[in-house]
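Architecture at a glance
Below are the chains, spelled out letter by letter.
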Amino acid sequence: METLDNLHQRDKVGVDDFVLLENFEDKDAFLENLRKRYKENIIYTYIGQVLISVNPYKDLNIYNRNYIESYQNVNFYELAPHIFAIADASYRQMVDECRDQCILISGESGSGKTEASKKILQYLAEISSHDSAIQHVKNKLLYSNPVLEAFGNSKTSRNNNSSRFGKYMDVEFDNLGTPTGGHINVYLLEKSRVVFQSRNERNFHIFYQVLKGLDEETLLRLGLRRDPADYFYLNQNLDTSDDYTANEAEQFRVVREAFRHFEFSEQEEFSMLSIIASILHLGTVGFYEEDDGDHQAVISNLKPVNLICQLLECDPEMLKKALTHRTIEARDESLPTGLNREQAIYARDALAKAIYERLFLWLVSKLNDSLKNKNKAKSGRNLMGLLDIYGFEIFEKNHFEQFCINYCNEKLQQLFIELTLKSEQEEYRREQIEWEPVKYFNNQIICDLIEQRHKGIIDFLDEECLRPGEPNDFTFLAKLEENLGQHSRMALVKGLNNKNRNNAVTDQFKISHYAGEVVYDVTGFIDKNNDLLFRDLKKAMCSSKSVIISQLFHADELSNLRRPTTTATQFRHSLSNLMSLLKSKQPWYIRCIKPNEHQMAHSFDTRIVSHQVQYLGLMENLRVRRAGFAYRREYEQFLERYKCLSPETWPHYRGSAKRGVEELMRHFGFGEAEYKLGLTKIFIRFPKTLFTIEDAFQKQKHALATMIQALYRGHRQRQIYLQIRHSTILLQAQMRKVLAIRLLEKRKWAVQVVRNFVKGFMTRNDAPNKFNIWFLRQVKVEWLKKLSKKLPTSILDNSWPPAPSSCREASMLLRPLHKQWLVRKYIFSLSPQRKELLGEKLLAEELFKGKKASYQSSIAEPYAANRLGQRDEEMRRNYFELKIKRENEKAQYCCLVNKYDRHGYKLRSRVLILTNLKFYLLDDKKFTVKEAIPLSSITGLLTSNKSDSVFIVQVPAENKEKGDLILEYSPRLIELLTKIVKIIGKDKLVISDSANVEHTMANGKRGQICFADGRSYEIVKRKDGILQVSSASA
Ligand SMILES: Nc1ncnc2c1ncn2[C@@H]1O[C@H](COP(=O)(O)OP(=O)(O)OP(=O)(O)O)[C@@H](O)[C@H]1O
Ligand SMILES: [Mg+2]
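Summarised in this report is the structure supplied together with it. Since the model is a prediction, treat every value here as computed from it, not as a measurement.

What about the side chain of S944?
- Looking at where S944 falls in the secondary structure, it is placed in strand β24 (residues 940–944).
- Once residues lying within four places of it in the same chain are set aside, the contact partners of S944 are K852, V950, I991, S992 and F1011.

Okay, here's the thing in structure tokens:
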């Protein structure tokens, strides 16, 4: 079995499109390709869009769900040839282009036409909506087949299930492609089969199904026996070994199920069964001739006739009479005439055939009523037509039926020519494609030969049937010879071909059909064309009360005295209607071929197939197709589909569509031979060229989809962005508006403020008004604010910001206040030590400012309480503090001084320690006390007003032995003196401005010190014994 995977492999066996065949004019190569593929179970092959199907006679499992899914919505040429590809392509074209379609299935009996049409119906049902309401419609469409097959099919020598009628079925779809209804037309039911079957053939299936499938009770009611051998209409060539009967009961069950789907009432169903039974009974009605010389026929067994009358609810007497008599209407009289046995049998069979044919047509009309789309309100409907009609037939003996069938095939060939060959060539001409017209045989001449008014075979036949006198088949043949004897396509066949007959008699005529020559046996032409049912029988039927028979035979048929239309003419009409039906639709062709005569699998009889290839005109079809182009498409549509394949045409081609297509083909590198450019269409010669393009497109599609997705996403994001942007701008605008309004108000306010301010300024000196009061207040506030930032922060800073005149008074009040505050703050921030130090400084100022020259240079340095070096301080702490000083004594000042000896002014270094009680001089080395003068005993303290550093500590007389102390403390005399004075009191200090100063010495002697100005500071003992202290004058 062909798997789904290798479905995609093209050219697997042979070529799958005959267009690709190397030597396409070689019939053997054609047949070989078919054979090769058939051997591999590949039954389908294309000629362009025409599908050739070879009957496999076995189940290939190629119609399952997987196959249906694979072929759905797939490009026609993409997959291996299949009937589903045709079904899908036509269905899609119907839906996409809202155009009615028709699929024409033709081929010999047994080639698989009916099966093909069922496969198409199956496909259409599967791919359309599965809604339950629609399922109902689909069921009806599908169930129409078992009903029609039961009543219209039979086993023939060629096909166990041969359709004995032509069928055209329209499936109606709404514009979404959902089936909504349908309509069936039937053509030329082979009703002669009801009364006669050839060897190995059977009557219509329904007779056997009824006998096999009905329950005993119903059989009894119908007066039937189960065995077909009991009925003349079934037993003439009954083959008891026939295994075809095996599942008849089951088939009958399906038929009854179908009746239910089509809403047949029980009464109708029973009435139908009664009719079937009546026909069987009718077959058993026998006649014998009375010996009275009249040859009047007499019914030999009345039982079946009574049964028939009972079943058909008609008048028994009428029927009995009608079966053996006929009334001849002549002018105003009607004459009853007896029938001989042969005529009676003829009449009986005519009745059986008529009833059956009318029943069949009634059944079809019932199906149509039920299939009719009840919902007419829905707009837009499309039709898909399926034509399953007998193919060209050539038998050993060809009768009126073959004549009709072959005529039908001529008409279909004509249609084929018109729709494909002719229109194809016309299209090339229209498109101005360089094109060598292909010669094909136009069978119009044969159609004319058969159907032309007053000149065609049918009209001659009718003429002969209707003419008064004694017309018969031979007079008809003579008429043909007379009128059409010279026709190139017709000839009378003289005796030699007819070995069974007298050589002199010609009972055959030959027509050279497009598919081959067929010799027709003229016997029965007149009869079959007349299709005579005697009025008496019609009348008897009209008397029926049966629900169906009363519909099949109308009384007005009796009142109409005109001859009924002949069979051939009726057929011509229905064919002409069929042709106009088909012409209005887009045609698709399925050409069925049977591979052998034995209904056998795996057998390919090249001879038989060759005939069919010829009858179907496949070689001609291929020739035109090959000469032509496999594919054509309007430039716009072609470019639209494939423009993505070339950078020049993608995404937009600015030039004309034709130029764009040219660009595309150049891009693919196809040569002149592969395509042609017409006025509005591109014509591609070979399918494989198209495959290349299509394959590239399939690949590119994914890339495009991604791009489209990206673009779409981008677009959507941009929309969102634009919306956000818009909203933002709106919001911003609103916000700006609000802010602008605020600013405006602020400015207005500010202008007012400024204006008031200016007014206030201008009238600042006037009597108080609202402006200047505010202005002045503002000025004051501003000044105060400014002042607060510029206030002096240090007591020494004497700056003060200027004040406007209105604040001047306040400024003057604030300034000292602030100063006081600063001072107060400063004072509070001082430590006691620092306070004391400052007190000493103040004291020093008081004592020495303007009085002693060295004072000025002492100001900068802060005072300290101890000026000893590290060693001396250690000594002081360890020695003086521990051993010398008394408990309540506390050192106030310590330093290293020079002492001038009172005897001869010798210079010695001494450590001076001033306590709160005494004035000590200690040896600078050993720290022994040299002098310890209680402070209270110091009488004075003398220093010059010059810049020297000498001072004299005057002590009272009781210390006269030693005399006053002459000391020098060079760097910080002012500090030392201030410290001493602070303890002993200011009044003890004397700053002498005289040059010579006396002092006491030991033993009451007096010494003299001279304070003189000099160039540098110097202390020397003059020769006269006076100590001279020279200081550098300022
Ligand atoms: N595609 C197929 N697969 C399998 N078997 C098939 C296929 N087509 C036809 N057959 C077999 O061939 C038989 C005859 O086919 P079908 O009845 O369709 O022929 P037909 O062309 O309609 O003949 P007729 O003109 O006598 O009605 C079917 O009963 C079936 O057994
Ligand atoms: Mg058939």
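Considering helix α12 (residues 302–312)
- Residues of α12 that are buried include every one of P304, V305, L307, I308, C309, L311 and L312, and no others.
- E313, located one to two residues past α12, shows a positive phi value of around 50°.

Examining the pairing of strand β15 (residues 516–521)
- The pairing of strand β14 (residues 508–513) with β15 spans six bridges and is antiparallel. The residue of β15 that forms the bridge with Q508 is D521.

Some thoughts on the coordination of the magnesium ion (ligand 2)
- Here the magnesium ion (ligand 2) is held by the protein donor atoms T114 (OG1) and S163 (OG), which lie 1.8 to 2.0 Å from it. Highlighted residues: T114 in helix α5 (residues 113–127) and S163 in strand β5 (residues 162–163), separated in sequence by 49 residues. Per residue, the accessibility class of T114 equals that of S163, and both read buried.

Concerning the site of ligand 1
- Around ligand 1 sit 17 residues, and of these S109, K113, T114, S162 and S163 come closest.
- Contact between ligand 1 and Y63: a nitrogen atom at 2.9 Å from a side-chain N or O atom of the residue.
- Between ligand 1 and the protein, one listed contact pairs an oxygen atom with a side-chain N or O atom of S162 at 2.6 Å.
- Relative to its unbound accessible surface of 630 Å², ligand 1 loses 85% to contact with the protein.
- Elements that contribute at least two residues to the shell around ligand 1 include exactly α5 and β5.
- If one sorts the elements of the shell around ligand 1 by residue count, α5 sits on top with three residues.
- When grouped by side-chain class, the residues that make up the shell around ligand 1 number three nonpolar, ten polar and four charged.

Things to note about the packing of helix α7 (residues 205–213) against helix α11 (residues 266–283)
- Their axes nearest at 11 Å, the elements α7 and α11 cross at an angle of 105°. With respect to each other, α7 and α11 are oriented roughly perpendicular. The residues of α11 that touch α7, namely those facing I206, F207, V210 and L211, are L273, I276, I279 and L280.
- Looking at the contact of α7 with α11 residue by residue, the class counts come to eight nonpolar, no polar and no charged.

Some thoughts on the sheet that holds strand β6 (residues 166–174)
- Here seven strands make up an open sheet; going across it, the order is β1-β2-β16-β3-β12-β6-β7 and the pairing mixed. Two strands close off the open sheet at either side, each with one partner strand: β1 (44–47) and β7 (179–187). Along the sheet, successive strands turn relative to each other by an average axial angle of 20°, direction set aside.
- Examined bridge by bridge, strand β3 (residues 101–107) and strand β16 (residues 586–593) share seven bridges and lie parallel to one another. Each residue of the ladder has a partner; that of C102, found in β16, is P587.

So, the pairing of β14
- Burial within β14 is extensive, with five of its six residues counted as buried.
- Sheet topology note: the strand β13 (residues 490–493)/β14 ladder contains four bridges and is antiparallel. By the bridge assignment for β14, L492 is matched with F509.
- Here β14 folds back onto β15 in antiparallel fashion, the turn holding two residues.

Things to note about the packing of aromatic side chains
- The full count for this structure, using the stated rule, is 34 aromatic pairs.
- A ring pair is formed by F18 and F30, whose centres lie 3.8 Å apart and whose planes are at 10°; its orientation type is stacked. With F18 in the loop between α1 (4–7) and α2 (27–39) and F30 in helix α2, this residue pair connects regions lying twelve residues apart in the sequence.
- With 4.9 Å between their ring centres and 55° between their planes, F259 and F264 make a pair best called tilted. The two residues F259 and F264 agree in class, both being buried.
- Of the aromatic side chains, those joined through ring pairs into one cluster are F400, F403, F476, F509, Y520 and F525.
- Lying across the ring of Y63, K119 places its NZ or CZ 4.5 Å from the centre.
- Over the aromatic face of F270 sits the side chain of R221, whose NZ or CZ is 3.9 Å from the ring centroid.

Quick word on the sheet that holds β14
- Across the sheet, which stays open at both edges, the three strands sit in the order β13-β14-β15 with antiparallel pairing between neighbours. Each end of this open sheet is capped by a strand with a single partner; those strands are β13 and β15. Each strand of the sheet is rotated relative to its neighbour by a mean of 25°, with strand direction disregarded.
- Across the sheet, helix α16 (residues 444–451) is in contact with β13 and β14; its angle to β14 comes to roughly 150°.

With respect to a nonpolar patch on the surface
- Together, V754, F757, V758, F761 and M762 give the surface a local cluster of nonpolar side chains, amounting to about 460 Å² of exposed area.
- The topology assignment puts F761 in helix α28 (residues 687–762).
- On the basis of relative accessible area, F761 is assigned to the partly exposed category, the value being 40%.

Considering the nonpolar core
- Membership of the largest hydrophobic core comes to 218 residues, with the highest contact counts inside it found for F30, F151, F207, L319, I457 and F509.
- In terms of residue count, helix α14 (residues 341–371) provides more of this core than any other element does, 15 residues in total.
- Core analysis: the next-biggest nonpolar cluster, separate from the first, contains 31 residues, V897, L921, L935 and L973 among them.

Re the environment of Q570
- Mapped onto the elements, Q570 comes out in helix α23 (residues 567–583).
- Considering only alpha carbons, one finds Q570 and K191, 379 residues apart in sequence, at a separation of 15 Å.

Calculation notes
Residues numbered from 1 in each chain as written. Chains lettered and ligands numbered in written order. Predicted model: local features only at pLDDT ≥ 70, side-chain atom pairs only at ≥ 80, totals over all residues. Heavy atoms only, no water. Helix = DSSP H or I, 4+ residues; strand = E, 2+ residues; numbered from the N terminus. Contact = heavy atoms within 4.5 Å. Buried < 20%, exposed > 50% of the residue type's maximum accessible area, 1.4 Å probe, protein only. Pairing = 2+ DSSP bridges. Donors = N, O, S within 2.8 Å, 3.2 Å for Na, K, Ca; no water. Near = heavy atom within 4 Å. Polar contact = N/O pair within 3.5 Å; in protein donor to acceptor, adjacent residues only side chain to side chain. Areas by Shrake-Rupley, 256 points an atom, 1.4 Å probe, with all protein chains shown as cover. Nonpolar A, V, L, I, M, F, W, Y, C, P; charged D, E, K, R; others polar. Axes fitted to C-alpha atoms, helices over the stretch in contact; angles between N-to-C directions. Parallel < 35°, antiparallel > 145°, perpendicular 65-115°, else oblique. Phe/Tyr/Trp six-rings, centres within 6.5 Å; stacked < 30°, edge-to-face > 60°. Lys NZ or Arg CZ within 6 Å of the ring centre and 35° of its normal. Patch = residues over 30% accessible without salt bridge, like charges linked within 9 Å, V, L, I, M, F, W, Y side chains within 5 Å. Salt bridge = Lys/Arg side-chain N within 4 Å of Asp/Glu carboxyl O. Core = buried A, V, L, I, M, F, W, Y, C linked by side-chain atoms within 4.5 Å.

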